[in-house]
Amino acid sequence: MLSLGHYCVKINKEEKALEKGGNDLTVGRPRKVILKFSIPILLSALLQQFYSMVDTIVVGQFLGTDALAGVGATGSINFMGIGFCMGICFGFALPMAQYFGAKDYSTMRKFIYNSIWVAAGFGVIMAIVICSLCRDILIWMSTPDNILEYAYEYVFIIFAGIPITFAYNLLSGMIRSVGDSQTPFIILLLSAIVNIGVDIISVAVLDMGVAGPAYATLFAQLFSVILCLIVIKRKFTFMKIQHDEAKINWRYIGILCKMGIPMGLQYSITAIGTMILQVGINSLGSQAVAAVTAAGKISNFLGCTTEALGSTMATYTCQHIGAGKIERIRKGLRAANMMGIIYSVVIFVTMVLTSKYWLMMFLKPTETQVIADASKWLIINTAFYILLTFVNVFRFTIQGAGYSGLAIMAGVLEMIARSVVGVWMIPLLGFTGVCIAS
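Caption draft 1: Fine view of the packing of helix α4 (residues 75-101) against helix α12 (residues 304-323). Between α4 and α12, the least distance of the axes is 6 Å, while the angle of their chain directions is 40 degrees. Overall, the two elements α4 and α12 adopt an arrangement that is oblique. Relative to α12, the crossing made by α4 is right-handed. On the side of α4, the interface is formed by Phe90, Leu94, Ala97, Gln98, Phe100 and Gly101, while α12 contributes Ser311, Ala314, Thr315, Cys318, Gln319, Ile321, Gly322 and Ala323. A class-by-class count of the residues in the contact of α4 with α12 yields 8 nonpolar, 6 polar and no charged.

Caption draft 2: Spotlight on the packing of helix α13 (residues 327-359) against helix α15 (residues 385-400). Taken N-terminus to C-terminus, the directions of α13 and α15 make an angle of 155 degrees; their axes are 8 Å apart at the nearest point. On the basis of their axis angle, the class for α13 and α15 is roughly antiparallel. In the packing of α13 onto α15, the handedness of the crossing is right-handed. Along its contact with α13, which presents Ile329, Leu333, Ala336, Asn337, Gly340, Ile341, Ser344, Val345 and Ile347, the element α15 presents Tyr385, Ile386, Thr389, Phe390, Val393, Phe394 and Thr397.

Caption draft 3: Up close: the nonpolar core. Of all hydrophobic cores here, the largest spans 105 residues; its most connected members are Met108, Phe159, Ile162 and Met239. Dropping the residues within four chain positions of it, Phe159 is found in contact with Ile77, Asn78, Gly81, Ile82, Ala127, Ile130, Cys131 and Cys134. Counting residues in each nonpolar core, the second largest holds 17 residues, with Cys304, Ala335, Ala336 and Val393 among its members.

Caption draft 4: A look at a positive patch on the surface. Together, Arg29, Arg31, Lys32 and Lys36 make up a positively charged patch on the protein surface. Since its relative accessible area comes to 55%, Lys36 is described here as exposed.

About the thresholds
Residues numbered from 1 in each chain as written. Predicted model: local features only at pLDDT ≥ 70, side-chain atom pairs only at ≥ 80, totals over all residues. Heavy atoms only, no water. Axes fitted to C-alpha atoms, helices over the stretch in contact; angles between N-to-C directions. Helix = DSSP H or I, 4+ residues; strand = E, 2+ residues; numbered from the N terminus. Parallel < 35°, antiparallel > 145°, perpendicular 65-115°, else oblique. Left-handed = near helix turned anticlockwise from the far one by under 90°. Contact = heavy atoms within 4.5 Å. Nonpolar A, V, L, I, M, F, W, Y, C, P; charged D, E, K, R; others polar. Core = buried A, V, L, I, M, F, W, Y, C linked by side-chain atoms within 4.5 Å. Buried < 20%, exposed > 50% of the residue type's maximum accessible area, 1.4 Å probe, protein only. Patch = residues over 30% accessible without salt bridge, like charges linked within 9 Å, V, L, I, M, F, W, Y side chains within 5 Å. Areas by Shrake-Rupley, 256 points an atom, 1.4 Å probe, with all protein chains shown as cover. Salt bridge = Lys/Arg side-chain N within 4 Å of Asp/Glu carboxyl O. Lys, Arg positive; Asp, Glu negative; His and termini not counted. Charge placed at Lys NZ, Arg CZ, Asp CG, Glu CD.

Next up, the structure:
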């Protein structure tokens, strides 16, 4: 944990003016503060899932079940690479949020400068390494031959654009670290519109196959990067790095890596378990892969609420540690968990009653067995969303407090659980084993 509770900075009139671009989460009723901050994060996450769903809808409706299964088979390897990017950038934003809470804007800007260089290095190295390995990984995962080329073509393009993914997640993380969750949502809304348009044109008009949605995703992210840069320059003037702050500082880089790498590893470790599970799913054939792909897209969409509550608690906790207001973190935990519990009950009931209708967005009504399997997966999965609430809220709070080692431990246990199911339970239970994995 960064020892910021004792850190005291005298704020002059100029710094007070600079602060107006951000949002102090350490004042106001915790429930109201969390709800207000989490709603734009939720909407942003829903938009990200929405245009990911559009990719799947376009592929499924225009290119067929094999292409859909091919894109779906990349889910775990995609999560391993892109999740690591997202986790690192999220961790990089935590020191920024802490020093913003402590009103030490100069140190915050130094962290911003160093995070840019570290993220750039990670982005280039990861793109080269993962692109060179992704075909071998897909083969190791026993990806069925009839969908292997679809999977490889799609995921190679996504991984080649990892530097763009890093840039977008780092910039949006900077904005959220100062308490503004609305601006990233607006930017994402605009980029989602761009993504959907390019999706449809690339597949239906230009006949680019599964490469079209992959390029559309990267193009939309690049569009988001440009918008983030414009907004930061115009709205968040207190983020402008001064000449004496633009220096590589190895102590700051060490802190960034300490906060960011464990969060990235948490995603990647979880993804390893998902990859092992995917091997078991692949062994059941392309229809099982298609069912999990369609159901997984809806589940990712529905799970955005608990993820938004978790992300909110990370920033909320960071700012409160910086301000030395520890008791309010406990109140925030109670409020966030209660919101998540209510949501989880509502979603489970909804899936029991309507899951088959949701699935028809991705699957043709004639594919009755695939729809039945996917519906079963959704109902069993959402039955445990209350546990998902606790996982996200507590884990992100722990990370926000700086104890990233505990979060990695949670990721390791999750990896073990998924691996056990993938290796032992799927051969015994078939698709039911897939359903209980999460």
